[in-house]
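Observations on the three-dimensional arrangement
What follows is the residue order along each chain.
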Amino acid sequence: MKDWFESLEPALEYVLKSQEPEKTARFLEKLVVRLRDQGIKIPHVVSTPYINTIPVEKQPDYPGDWQTEVRIKSYIRWNAMAMVVNANRLHDGLGGHISTFASSATLYEVAFNHFFRARQGEFPGDIVYFQGHASPGVYARAFLERRLDENHLQNFRQELSKGGGLSSYPHPFLMPNFWQFPTVSMGLGPIMSIYQARFNRYLRARGIIKGEEPKVWCFIGDGETDEPETLGSITLGSRENLDNLVWVINCNLQRLDGPVRGNGKIIQELESLFNGAGWNVVKLIWGSDWDELLSRDKTGLLIKRMGEVVDGDYQKYSVEPGSYTRKHFFGKYPELLQLVNHLTDEQIRKLLRGGHDTRKVYTAYKAAMDHKGTPTVILAKTVKGYGLGEAGEGRNITHGQKKLNEKELREFRARFGIPISDEEVVETPFYRPELNSKETKYLLERRKKLGGFLPARIVTAPKLEVPKADFFAELLKGGSSASTTMAFGRLLGRLLSNKAIGRQIVPIIPDEARTFGLDALFKEVGIYAHKGQLYEPVDKESLLYYNETKDGQILEEGITEAGSMADFIAAGTAYATHSVNMIPFYIYYSMFGFQRIGDLMWLAGDIKAKGFLLGATSGRTTLNGEGLQHQDGHSLLIASSIPTLYTYDLAFGYELATVIADGLHRMYEEGEEIFYYLTLYNEKYLMPPMPEGVREGILKGLYKFKSGPEKLKHKVNIFGSGPIINEALKAQTILAEKYGVSADVWSATNYKWLRNDALNTERWNMLHPTETPKQSYIETLLEKEKGPFIAVSDNMKIVPDQIAPWVPGGLTTLGTDGFGRSDTRENLRRFFEVDAEMIVIATLNALATKGALEKKIVEKAIKDLNVDPEKVHPVIL
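About the criteria used
Residues numbered from 1 in each chain as written. Predicted model: local features only at pLDDT ≥ 70, side-chain atom pairs only at ≥ 80, totals over all residues. Heavy atoms only, no water. Helix = DSSP H or I, 4+ residues; strand = E, 2+ residues; numbered from the N terminus. Buried < 20%, exposed > 50% of the residue type's maximum accessible area, 1.4 Å probe, protein only. Contact = heavy atoms within 4.5 Å. Areas by Shrake-Rupley, 256 points an atom, 1.4 Å probe, with all protein chains shown as cover. Phe/Tyr/Trp six-rings, centres within 6.5 Å; stacked < 30°, edge-to-face > 60°. Salt bridge = Lys/Arg side-chain N within 4 Å of Asp/Glu carboxyl O. Pairing = 2+ DSSP bridges. Right-handed = clockwise from strand over helix to strand, strands pointing away. Patch = residues over 30% accessible without salt bridge, like charges linked within 9 Å, V, L, I, M, F, W, Y side chains within 5 Å. Axes fitted to C-alpha atoms, helices over the stretch in contact; angles between N-to-C directions. Nonpolar A, V, L, I, M, F, W, Y, C, P; charged D, E, K, R; others polar. Expected span 1.5 Å × (residues − 1). Disulfide = S-S within 2.5 Å. Core = buried A, V, L, I, M, F, W, Y, C linked by side-chain atoms within 4.5 Å.

**Observations regarding the overall build of the chain**
Helix and strand counts for the chain stand at 36 helices and 20 strands. For the C-alpha atoms alone, the extent of the chain along its principal axes is close to 105 × 75 × 55 Å. Across the 877 residues that make up the chain, the buried fraction comes to 58%. Residue pairs in contact within the chain that sit at least 24 positions apart in sequence constitute 77% of those at least 6 positions apart. When the accessible surface of the chain is split by element, carbon and sulfur atoms take 52% of a total near 36000 Å².

Here it is as structure tokens:
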């Protein structure tokens, strides 16, 4: 090795002395690659000099009319700005963002003109996650394309205006024919894009989609990379060889309040992260104006200086005159001052950053398109608020900038050459060139060549033929001892084998299949792995071994609820992105659903995802041993906040079958853009057969399960949910045998639906005061029932409390408020006061409160049932 190095040393010395610094760096990079190719272990370099990854000599010719494109981009800049300014001039406080799109306009326009492919024939179109705060620019382009009119732009952030308006950010729920992906909750677009790219490969591997593969583009802010969802799953991209994925990170160096990394360099930091994660990294830092300076620098001082300066200083240079940059950037080294002696201060001020240079952006995008084997990230350096001048270019306040004065408007118009008169400019009119203008013809021709317009959400997926009632007969007839989790496992297995829809089902499991008893599916349908199984699993000899296959159906994500939910969203929106209905069943540890990734679940409603969320190991006392961090008694409450989510707390196998059958029908035959959340429990008990005539009650949220004995003195009603209905049934027996109280036990499956139905009825009556009042389902159902009403579940009391205003005489609720504990179910149910004995006491107390029996009977029952009246209250006040 020593002799080898000594023979190489003269050549290295020659290169170091005779070549330009930039070329020397590239020579050494190539040398390292060659050495690795020969099997020599060379330490990986995760950070490279602070220059463009692609040298000027590797730049391809620009394929378009870049001057026309610059004019189009200028018009879009003006209209995006005018949209926000006009909205806030008329209605102060509406908000909106100018600066994000101002910094990223070139990044978007090059893509729109040369790379973004729209849906055409069998090709689904490229999938683009637009940065949420840049939405005014996307609207402004759609205005030039004649997809939106001036009224739309005038009503930006005024969606309730006559004729409709534009949503603040990308929201498919609000603009279902336009936006595809909600992205403004930062971090969610990036993680969704990774799993979407992988889901595209999953569909291809299973033969569900074919043909040309779309690219997945995701536009991200550099400040957004602080969100754990942004960077937390990037290794999946390289592990899965997702070369169908391109990230464009707009490194304008600023977040809302100040610099992203004022004392450091965000581009260098991100380069190290992505190189370490195995991505193809393309740094796009300097515009073409710097090429000549770099080529003339024979000392390496310019590259050195570029690397020395921290982002806080680069931000300062963007707001100061060229003389400041001359002194503070170039002035550190006399040689660098000489390098720019031929430039005026104004020329120095106008030295472009790479993300504003059309040709440099095109070069980076083409490299991303051509790259094979791994995803690509483009780190594009820009100036936040570019073009806003003193109104906010590069300044800390620019993110919130929403107004420009007359002087600033005139400067903006002059800088970008907008053909608006002095008299008009103060009114900030929108500008759109004529249909027969060169700019409009060019813009429309480019989009025609790329297949059409985007963003566009187009739903053409054919409906599915879902199983009929007889398919679910096994669960409907009951007769065996099982938990609802076990019942779901049996049902899922049957659905997977169904000839009509089995192939469309996507089981999603975050490393808990064995916990949920679903490991039998490993062998039956396999776990998707793009490389197959390159090893022999340790449990290969067992019946339920871990079976990875290239066309596996299960998405087994490991311990990542966020990644699994991104899978659910990709599968649940395949009807819109790929024109194919897929049916995701995402089963997870209940506590780590809404509480951990509620933002993604809210987004699932906005994006109109379909499918089933299954919160297994639900219930604060039913999951008995795990304790405080695992026992879930509040997911139903959080779930109730999502308008398009149907939430069910189910006790029996037949209820589960009824709800899933109805969900399949509504989502995949009727085409409703809704989704479902079902609780699943791990307590085994005898599953009864489905009583006659209860289907409507199961779906609407409440039905009478078992009537109490007749001819007893007192009458009450007990609503039970999930496994706690068994405690209600025990209480029914105690009440009848010891206290002469006949209790009807009801199964309460969906308090959210009951509440919403009652609210809708109440609203209709309020707005139609002279018409015959309507009755809600719950009012109709309970109007003839006698006695007090008691509700009990393994969830917080506020879950059944949702219907209290419409229950005759009010509602007494028992629930599991407070932190969980590790103990037996029996002890936990006594602690949280939801066991049979506590239900009896609550029922007797309700009767006593109404004067139906003496309070000393309640006191005696407390003693007889061995309940400590001084026991610890589970709720901390």
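**Quick notes on the packing of aromatic side chains**
Using the criterion set out here, one finds 58 aromatic pairs in the structure. Between Phe-199 and Tyr-202, the aromatic rings sit 5.2 Å apart at their centres with planes inclined by 25°, giving stacked as the arrangement. Note that Phe-199 and Tyr-202 are positioned in helix α7 (residues 188–205) at a spacing of three residues, about one turn of the helix. Across the pair, Tyr-202 and Phe-199 agree in class, each one buried.

**As for the pattern of salt bridges**
According to the stated counting rule, one finds 49 salt bridges in the structure shown. Ionic pairing is found between Glu-145 and Arg-147, a salt bridge with its closest N-O pair at 3.7 Å. A relative accessible area of 23% means that Arg-147 is categorised as partly exposed. Measuring nitrogen to oxygen at the nearest pair gives 3.2 Å for the salt bridge that ties Glu-292 to Arg-296. Here Glu-292 pairs with Arg-296, and both are found in helix α11 (residues 289–296), just four residues apart, close to one helical turn. Glu-292 sits in the partly exposed class, given a relative accessible area of 35%.

**As for the pairing of strand β18 (residues 741–748)**
Each regular strand carries side chains that alternate between the two faces of the sheet. Most of β18 is tucked away: eight of the eight residues are buried. Judged from the four bridges that link them, strand β16 (residues 702–706) and β18 form a sheet pairing that is antiparallel. Bridge pairing in β18 links Leu-702 to Ala-748. In this sheet, β18 lies alongside strand β17 (residues 714–720) in parallel orientation, the contact comprising seven bridges. Residue pairing across strands places Asn-717 opposite Asp-744, the latter belonging to β18. Assessed by its sense of winding, the connection that carries the chain from β17 through helix α30 (residues 725–739) to β18 is right-handed.

**Here we look at a nonpolar patch on the surface**
Taken together, the side chains of Leu-628, Phe-819 and Ile-876 define a hydrophobic patch exposed on the protein surface, amounting to about 330 Å² of accessible area. Structurally, the position occupied by Ile-876 is in the segment after α36 (855–864).

**Structural notes on the environment of Phe-719**
Here Phe-719 is to be found in strand β17. Those residues in contact with Phe-719, other than ones at most four positions away along the chain, are Leu-702, Trp-746, Ala-748, Tyr-751, Leu-782, Phe-789, Ile-790, Ala-791, Val-792, Ile-803 and Leu-811.

**A look at the packing of helix α4 (residues 99–114) against helix α20 (residues 438–449)**
One way to put it is that α4 packs onto α20 with a least axis distance of 7 Å and a crossing angle of 65°. Within the contact between the two elements, α4 uses Phe-112, Asn-113 and His-114 and α20 uses Tyr-442, Arg-446 and Arg-447. Residue classes in the contact of α4 with α20 are distributed as two nonpolar, two polar and two charged.

**Let's talk about the sheet that holds β16**
Spatially, five strands are ordered β16-β18-β17-β19-β20 in an open sheet, and the strand pairing comes out mixed. With one partner strand each, in any of the chains shown, β16 and β20 (812–814) form the two edges of the open sheet. Recorded for the sheet is a direction-independent mean angle of 30° between the axes of neighbouring strands. Where β17 meets strand β19 (residues 789–792), four bridges bridge the pair, whose relative direction is parallel. Bridge pairing links Asn-717 to Phe-789 in β19. Strands β17, β18, β19 and β20 of the sheet are contacted by helix α35 (residues 836–849), whose axis makes an angle of about 135° with β17.

**Considerations on the sheet that holds strand β14 (residues 675–679)**
Within the open sheet, the six strands sit side by side as β10-β7-β11-β12-β14-β13. Their pairing is parallel. Single-partner strands in this sheet number two, and they are β10 (555–556) and β13 (645–649). The pairing of strand β7 (residues 505–509) with strand β11 (residues 583–589) spans four bridges and is classified as parallel. In the strand pairing of β11, Val-506 is matched with Pro-584. Sheet contacts for helix α26 (residues 594–606): β11, β12 (611–616), β13 and β14; angle to β14, the most-contacted strand, approximately 155°.

**Describing helix α3 (residues 66–90)**
One turn of the α-helix equals 3.6 residues, which is why residues spaced by three or four share an orientation. The end-to-end C-alpha distance of α3 is 36 Å, a good match for the 36 Å that 25 residues give at a rise of 1.5 Å each. For α3, the buried fraction is high: 19 of the 25 residues fall into the buried class.

**Side note on the state of the cysteines**
Taken as a whole, this structure holds zero disulfides when the rule is applied. Cys-218 takes part in no disulfide bond, and the closest cysteine sulfur, belonging to Cys-251, lies 13 Å away. Of the residues examined, Cys-251 reaches a relative accessible area of 0% and is grouped as buried.

**Examining the nonpolar core**
The biggest cluster of nonpolar side chains holds 107 residues, and the ones touching the most others in it are Trp-247 and Phe-719. Examining the composition of this core, we find that nine residues originate from one element, α7, more than from any other. Counting 83 residues, the second largest nonpolar core, distinct from the first, contains Ala-513, Tyr-646, Tyr-648 and Ala-743.

**A few points about the pairing of strand β4 (residues 280–284)**
With five of five residues buried, β4 lies mostly within the body of the structure. Here β4 pairs with strand β5 (residues 376–381) via five bridges, running parallel. Paired with Val-281 across the strands is Val-377, a residue of β5.

**Side note on unusual backbone geometry**
The omega angle of the peptide bond from Leu-454 to Pro-455 is 5°, so this bond is cis rather than trans. The topology assignment puts Pro-455 in the loop between α20 and α21 (473–477). Backbone geometry places Asn-241, a non-glycine residue, at a positive phi of 55°. Looking at where Asn-241 falls in the secondary structure, it is placed in the loop between α9 (234–239) and β3 (245–251). Even without glycine at this site, Lys-608 takes up a positive phi of about 65°. Here Lys-608 lies in the loop between α26 and β12.

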